Amino acid sequence: MRYRQEYPSYVTTSPLTPVNGVIYCALFATMQWTKLYLLHDTSGAPYYTFQASVLPLSIPANCKVQLTRQQFASNYPNVSQQLQPILRDFNSKSRVLLYFGNATGLRILLIEAEKLNMTSGEHLFVAVTPLDYTAYGNFTWQNMDNDDETVRRAYRAVLLIRLVDITAYSTPPIRRLVQEWRALALNRYNNTELRHNLILPAMMAAYTAVELLAEAIQSASPGGWTKTPPSGKFLAEQLLNHTFNLQVGPVRMLGQGQLSHRHLATCFDFQTGCFRTCLISRNTPVTEHLIWERVQDGRWFDGDSFPPNEPVCGFDGHRNSNECTRQSAIWNQWSFGVGLTLLGLVSVSLLGAFLIRRHLREFPSWELNHYFLVFQSSWLISYTTHSVGSDSFDLT
């Protein structure tokens, strides 16, 4: 939490924190993005509405970003008319768009962006999904309609952030607990629909919270309570900046009151048609600052470099910098060279036409027919000698 002095007893075990400003700020800093365009789909899940509203407030003060906010409704019939001016405004202010909304809204956004040639690698669309759950949609290009191939191409310009790394829930201790929970649900409660009701990250968060509460109580009152129970602030202090070996495995409670979780940023592989991890977050050992790191084989848009949030020569292409001056000089030199060459070709053509017209009377075997020099096929020329200084030949 940003303001622990206001909420001194706050701790959470959920991988989905109420505010994710630190996560995004770390990504922006890693990529050196300072100008962001936030687009919220008001037709999406309530989770995205909340995140879009609190993000500007949850970004740390030392995160120097300029944020432009816009919104649209993907379920409205005139969505194309909404998005076209928004995308043009985005193009004039940034090259990185942070999208808060369901997968269906992202599909519509990419189709409109494709029409404006904004999915070719110069622009980047950052989408967010809390976890793989039906409420947030399926981020795939396959919808079995005529736009599938368009969306598949456009998905190369997407960086999909997965706030919950589901692979972290496949450890042996967690698999054993899942089997125990399944047995309890079936035997004690006759719950035959467990696999549809069980959201594993939520179950693990609740189980971890109970275990950590026991750890906090034991640490706060080793000999038991003799007077009044310890305060919530005191209990929270027993957990902050500590690592615990629980039934679910080792967990670490960070100083801001949340567990250390790994987040993933995935890039679209056009060949396989699937997203692959290209960035991973982690907390540094000493300061526990969140940072993002590139995975070894991570590739975005079939390349190694993510686009900057602003073109080198500015959004209008006329920024006064050495690089842009050099590019302008190269362009001017190239244009001058091409123009000079074309002028020479035109001059030679005109001179040739003039000479041809002048000598037509001396060589009646040639005709100027519709600006082309035509040779009369009734004449055949066969050379007999090629000695230097001799131009003798026979006409047959």
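This is a predicted model, so every value here is computed, not measured.

Counting secondary structure elements, the protein contains ten helices and 14 strands. Residues classed as buried in the protein amount to 40% of the 396 residues present. Pairs at least 24 residues apart make up 66% of the contacts formed inside the protein by residues separated by at least 6 positions. Here the protein has roughly 23600 Å² of accessible surface; of this, 56% comes from carbon and sulfur atoms.

Here the largest pocket defines a volume of roughly 700 Å³. Taken together, 33 residues form the lining of the largest pocket, with Val22, Ile23, Pro60, Gln256 and Leu290 sitting closest to its centre. Counting residues per element, the ones that place at least two in the lining of the largest pocket are α1 (21–31) and β10 (290–294). It is α1 that contributes the most residues to the lining of the largest pocket, seven residues altogether. Residues belonging to the lining of the largest pocket are distributed by class as follows: 16 nonpolar, 15 polar and two charged. Size it by volume and the second largest pocket reaches roughly 530 Å³. Within the residue set of the lining of the second largest pocket, elements represented by two or more residues are α6 (172–187), α8 (200–220) and β7 (249–253).

The interhelical angle for the contact between helix α3 (residues 79–93) and helix α4 (residues 103–115), taken along N-to-C directions, is 60°, at an axis separation of 10 Å. With respect to their mutual orientation, α3 and α4 come out oblique. In the crossing of α3 with α4, the sense of the turn from one axis to the other is right-handed. Contact with α3, carried on its side by Val79, Ser80, Leu83, Gln84 and Leu87, involves Ile108, Leu109, Glu112, Ala113 and Lys115 of α4 and no other residues of that element. Classifying every residue of the contact of α3 with α4 gives six nonpolar, two polar and two charged.

Here the focus is the environment of Phe301. Note on placement: Phe301 falls in the loop between β10 and α10 (322–359). Overall, the relative accessible area of 18% leaves Phe301 in the buried class. In sequence terms Phe301 and Arg153 are 148 residues apart; their C-alpha atoms lie 9.6 Å from each other.

On to α3. The terminal C-alpha atoms of α3, which comprises 15 residues, lie 21 Å apart, in line with the 21 Å expected from a rise of 1.5 Å per residue. Among the residues of α3, Val79, Gln82, Leu83, Gln84, Ile86, Leu87 and Phe90 are the ones counted as buried. If you follow the buried residues of α3, they end up packed against β1 (35–41), β2 (66–72), β3 (96–100), α4 and β4 (124–129).

This next bit is on the confidence of the model for the protein. In the predicted model, the protein carries a mean pLDDT of 80, and 77% of its residues have values of at least 70. By mean pLDDT, the top-scoring element of the protein is β3 (96), and the lowest-scoring one is strand β13 (residues 381–383) (36). Per-residue pLDDT stays below 50 along residues 363–396; that stretch engages in 34 contacts with residues further than four places along the chain or on separate chains.

With that settled, consider the pairing of β3. A large share of β3 lies buried, amounting to five of its five residues. Every second residue of β3 is oriented toward a common face, with Val96, Leu98 and Phe100 on one face and Leu97 and Tyr99 on the other, all of them buried. Pairing of β1 with β3 involves four bridges; the strand directions are parallel. Counted as the bridge partner of His40 is Phe100 from β3.

A few words on unusual backbone geometry. For Gln32, which is not glycine, the phi torsion reads 60° and is therefore positive. You will see that Glu288, though not glycine, has its phi angle at about 60°, which is positive. Within the secondary structure, Glu288 is located in the loop between β9 (274–283) and β10. Glu288 gets classed as buried once you look at its relative accessible area, which sits at 11%.

Conventions and cut-offs
Residues numbered from 1 in each chain as written. Predicted model: local features only at pLDDT ≥ 70, side-chain atom pairs only at ≥ 80, totals over all residues. Heavy atoms only, no water. Helix = DSSP H or I, 4+ residues; strand = E, 2+ residues; numbered from the N terminus. Buried < 20%, exposed > 50% of the residue type's maximum accessible area, 1.4 Å probe, protein only. Contact = heavy atoms within 4.5 Å. Areas by Shrake-Rupley, 256 points an atom, 1.4 Å probe, with all protein chains shown as cover. 1 Å grid on protein atoms, 1.4 Å probe; cavity = no way out; pocket = protein on both sides within 12 Å on 5 of 7 lines; lining within 4 Å. Points joined across faces, edges and corners; volume = space filled by probe spheres on them. Nonpolar A, V, L, I, M, F, W, Y, C, P; charged D, E, K, R; others polar. Axes fitted to C-alpha atoms, helices over the stretch in contact; angles between N-to-C directions. Parallel < 35°, antiparallel > 145°, perpendicular 65-115°, else oblique. Left-handed = near helix turned anticlockwise from the far one by under 90°. Expected span 1.5 Å × (residues − 1). pLDDT = per-residue confidence, 0-100. Pairing = 2+ DSSP bridges.

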